[in-house]
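Remarks on the overall topology
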Amino acid sequence: MFCPTETALGIIGGKWKGMILWCICRKTMRFNELHRIVPDISQRMLTKQLRELEEHGIIVRKVYAQVPPKVEYSLSSHGERLKPILDQLEDWSRDYLTERLDQPDS
């Protein structure tokens, strides 16, 4: 059976992609900016996650012909459609955490 939610989570899910997308949703970013914001991720893993998001058409990688090389990551037009969904997920998460913190231990 085909589950569209499973497809979406397969593309944007995982330990790092949510944070990467959260950052890129706010502005176009360079690799080192992303690495500073998500300091626990290795350079290798950040590169891998960015490549996967690019392969799925969620982000765009723009390389400038200059020395030193300059590379920027931004949302593609398809990725822009994720913004309201990610905003809703953020709202849901805040509500969830608030409710969980307000509940006494059972």
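The structure contained in this document is the topic of the report that follows. (Residues numbered from 1 in each chain as written. Predicted model: local features only at pLDDT ≥ 70, side-chain atom pairs only at ≥ 80, totals over all residues. Heavy atoms only, no water.)

Quick look at the overall build of the protein
When its secondary structure is counted, the protein shows six helices and three strands. Reading the protein from its N end, one meets helices and strands in the order α-α-β-α-α-β-β-α-α. For the protein, the spread of C-alpha atoms along the three principal axes comes to 60 × 35 × 25 Å. Taken over 106 residues, the protein has a buried fraction of 26%. Carbon together with sulfur atoms contributes 54% to the accessible area of the protein, which is approximately 8000 Å² in total. Side-chain charges in the protein split into 16 positive and 15 negative, and the spacing between the mean points of these groups amounts to 10 Å. (Helix = DSSP H or I, 4+ residues; strand = E, 2+ residues; numbered from the N terminus. Buried < 20%, exposed > 50% of the residue type's maximum accessible area, 1.4 Å probe, protein only. Areas by Shrake-Rupley, 256 points an atom, 1.4 Å probe, with all protein chains shown as cover. Lys, Arg positive; Asp, Glu negative; His and termini not counted. Charge placed at Lys NZ, Arg CZ, Asp CG, Glu CD.)

A few points about the pairing of strand β2 (residues 59–64)
As defined by bridge partners, β2 adjoins strand β3 (residues 70–75) across six bridges and the pair is classed as antiparallel. Counted as the bridge partner of R61 is Y73 from β3. Between β2 and β3, which pair antiparallel in sequence order, lie five residues. (Pairing = 2+ DSSP bridges.)

Examining the packing of aromatic side chains
In total, this model carries one aromatic pair according to the counting rule given. Aromatic pair W92 and Y96: ring centres 5.3 Å apart, planes at 15 degrees, arrangement stacked. Note that W92 and Y96 are positioned in helix α6 (residues 83–102) at a spacing of four residues, about one turn of the helix. Positioned above the aromatic ring of Y64 is the side chain of K70, whose terminal nitrogen or guanidinium carbon lies 4.8 Å from the ring centre. (Phe/Tyr/Trp six-rings, centres within 6.5 Å; stacked < 30°, edge-to-face > 60°. Lys NZ or Arg CZ within 6 Å of the ring centre and 35° of its normal.)

A word on the sheet that holds β3
Strands sit in the order β1-β3-β2 across an open sheet of three strands; the sheet is antiparallel. Either end of the sheet is taken by a strand with one partner, and the two such strands are β1 (29–30) and β2.

Notes on the pairing of β3
As judged from the two bridges shared by β1 and β3, these two strands associate in the antiparallel manner. Looking across to β3, one finds that M29 is bridged to Y73.

Here's the deal with the side chain of E90
Residue position: E90 is located in helix α6. With relative accessibility at 19%, the residue E90 sits in the buried group. The residues touching E90, leaving out its near neighbours within four places in the chain, are W22 and R26. (Contact = heavy atoms within 4.5 Å.)

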